[in-house]
Amino acid sequence: MVIDTPNSELYIRLMKHLIIFLLMVSFTAAEAQVMADFAPSGQTRDGSIVFYGSEAFNKKIPYNTITGVPYWKNDYYPAFLYGPGGRKYGLTWIRVNLATNEIEFLAKNDEVQAAYPNDVARAVVVDPMDSSKILTIFRNDVGEVNVNYMKEGKLPYVQEMNPGPVKLLKVTHRELKVGDSMLRTMKRFYFADRFDYYLQQGNRVQKLKKLEKDEILKFLPDTPELQDYLSKNKVVFKKEEEVIKLLGVYRQNSQTQ
């Protein structure tokens, strides 16, 4: 099934295909083998999600009737896809669907397909104008993370929030919620997020109860440079960007030692 899109999106689609073509011609022949042996799930995305619950059991809800978006970014981004064991599939345009926990991609006929999570272990999202610039990484091959969701039957994509020896990992649970409209004449649907955070250093992965000072600092060596940064900067440990800055300071110090 092909997703219906407004006419205003046709130009954007054409430009995206042009950009990915320009990116491809700059790579080696091996790297330009886009999706050569990648097997999609066969499922097409029709712009809806199935809602399970007492309010609307097994009901298909169109995305355009839900407040919020299901994706990490609503636009498509180029990404290098890898299978288990680091097997490289190639470069293609993707959206990360946080509501269904799937990697969606544009097939040759402009049909939106979903990939089997077991087949795509890692998606390295890059800048559309510079493929050497990594924007972020989504992966579902971190065993220490996956074990926390096995009972739920989930294989979540973890987002690496920063590069370096110590990484902040984030699992976003984008959940579909239901409530009454203002006049209570109909149901309204909306997405609500909850997050799980982890810190990874090498093979060591620790789940954080929450973003807080004690849990984060016990994961990092107590260095003079780190203490100097904390004394000069007011770090709000509940904010992702502040934690990422702090890990960036540790990264710089580790590179100079």
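Caption draft 1: Main features of helix H4 (residues 224-232). Every buried residue of H4 is listed here: Leu 226, Tyr 229 and Leu 230. Considered in projection along H4, the buried side chains sweep an arc of 95° and stay on one side of the axis. Of the exposed residues in H4, those oriented more than 90 degrees away from the buried face are Pro 224, Ser 231 and Lys 232.

Caption draft 2: Local environment of the pattern of salt bridges. In this structure the tally under the stated criterion is 11 salt bridges. Taking the shortest distance from any N to any O, the salt bridge between Arg 139 and Glu 160 comes out at 3.0 Å. Taken together, the residues span a long stretch of sequence, with Arg 139 in strand E10 (residues 130-139) and Glu 160 in strand E11 (residues 158-160) at a distance of 21 residues. As far as burial versus exposure is concerned, Arg 139 and Glu 160 are alike and both buried. Ionic pairing is found between Lys 232 and Asp 228, a salt bridge with its closest N-O pair at 3.3 Å. Of the two residues, Lys 232 and Asp 228 are both situated in helix H4; the distance of four residues between them amounts to about one turn of the helix.

Caption draft 3: Structural detail: the nonpolar core. Among the nonpolar cores identified, the biggest contains 21 residues, and Leu 168, Leu 199, Ile 216 and Leu 246 are the most heavily contacted of them. Listing elements by their share of this core, those giving two or more residues are strand E12 (166-180), strand E13 (187-201), helix H3 (213-217), H4 and helix H5 (240-256). Ranked by residue count, the leading element in this core is H5, at five residues.

Caption draft 4: Structural detail: the packing of aromatic side chains. All chains considered together, the criterion is met by five aromatic pairs. Arranged with centres 5.4 Å apart and planes meeting at 70°, the rings of Trp 72 and Phe 138 form a pair that is edge-to-face. Taken as a pair, Trp 72 in the loop between strand E4 (66-67) and strand E5 (77-82) and Phe 138 in strand E10 lie far apart in primary sequence, 66 residues in all. Exposure remark for Phe 138: the relative accessible area of 1% places this residue in the buried category. Connected via pairs of aromatic rings, a cluster forms that spans Tyr 63, Tyr 71 and Phe 191. Across from the ring centre of Trp 72, 5.5 Å away, lies the NZ or CZ of Lys 73, which sits over that ring. Across the ring face of Phe 195, the terminal group of Lys 170 is positioned such that the distance to the ring centre comes to 4.4 Å.

Caption draft 5: Structural detail: the environment of Asp 75. Along the chain, Asp 75 turns up in the loop between E4 and E5. With a relative accessible area of 47%, Asp 75 lands in the partly exposed category. Along the chain, Asp 75 and Val 96 lie 21 residues apart, while their C-alpha atoms are 9.7 Å from each other.

Caption draft 6: Here's a closer look at the side chain of Ser 48. Within the fold, Ser 48 resides in strand E2 (residues 48-51). There is a polar contact of 2.7 Å between the side chain of Ser 48 and the side chain of Asp 46. In contact with Ser 48, other than residues within four places in its own chain, are Lys 60, Ile 61, Pro 62 and Tyr 63.

Caption draft 7: Structural detail: the environment of Tyr 229. With respect to the helices and strands, Tyr 229 occurs in helix H4. By relative accessible area, which is 16% here, Tyr 229 ends up buried. In the structure, Tyr 229 is positioned 21 residues away from Tyr 250 in sequence and 9.8 Å away in space, judged by C-alpha atoms. With near-sequence residues (within four places) excluded, Tyr 229 lies in contact with Val 235, Lys 245, Leu 246 and Val 249.

Caption draft 8: Summary view of the pairing of strand E7 (residues 102-106). Counting buried positions along E7 gives five out of five residues, so the element sits mostly inside the fold. Strand direction decides the pairing type here: strand E6 (residues 88-97) and E7, joined by four bridges, are antiparallel. Opposite Asn 97, over in E7, you have Glu 102 as the bridge partner. Two successive antiparallel strands, E6 and E7, enclose a turn made up of four residues, where Asn 101 displays a positive phi of approximately 60°. Two elements, E7 and strand E8 (residues 112-115), share three bridges in a ladder whose sense is antiparallel. Counterpart to Leu 106 in the pairing with E8 is Val 112. Count of turn residues in the E7/E8 antiparallel hairpin: five residues, of which Asp 110 carries a positive phi of about 70°.

Rules of the game
- Residues numbered from 1 in each chain as written.
- Predicted model: local features only at pLDDT ≥ 70, side-chain atom pairs only at ≥ 80, totals over all residues.
- Heavy atoms only, no water.
- Buried < 20%, exposed > 50% of the residue type's maximum accessible area, 1.4 Å probe, protein only.
- Helix = DSSP H or I, 4+ residues; strand = E, 2+ residues; numbered from the N terminus.
- Arc of directions from axis to C-beta.
- Salt bridge = Lys/Arg side-chain N within 4 Å of Asp/Glu carboxyl O.
- Core = buried A, V, L, I, M, F, W, Y, C linked by side-chain atoms within 4.5 Å.
- Phe/Tyr/Trp six-rings, centres within 6.5 Å; stacked < 30°, edge-to-face > 60°.
- Lys NZ or Arg CZ within 6 Å of the ring centre and 35° of its normal.
- Polar contact = N/O pair within 3.5 Å; in protein donor to acceptor, adjacent residues only side chain to side chain.
- Contact = heavy atoms within 4.5 Å.
- Pairing = 2+ DSSP bridges.

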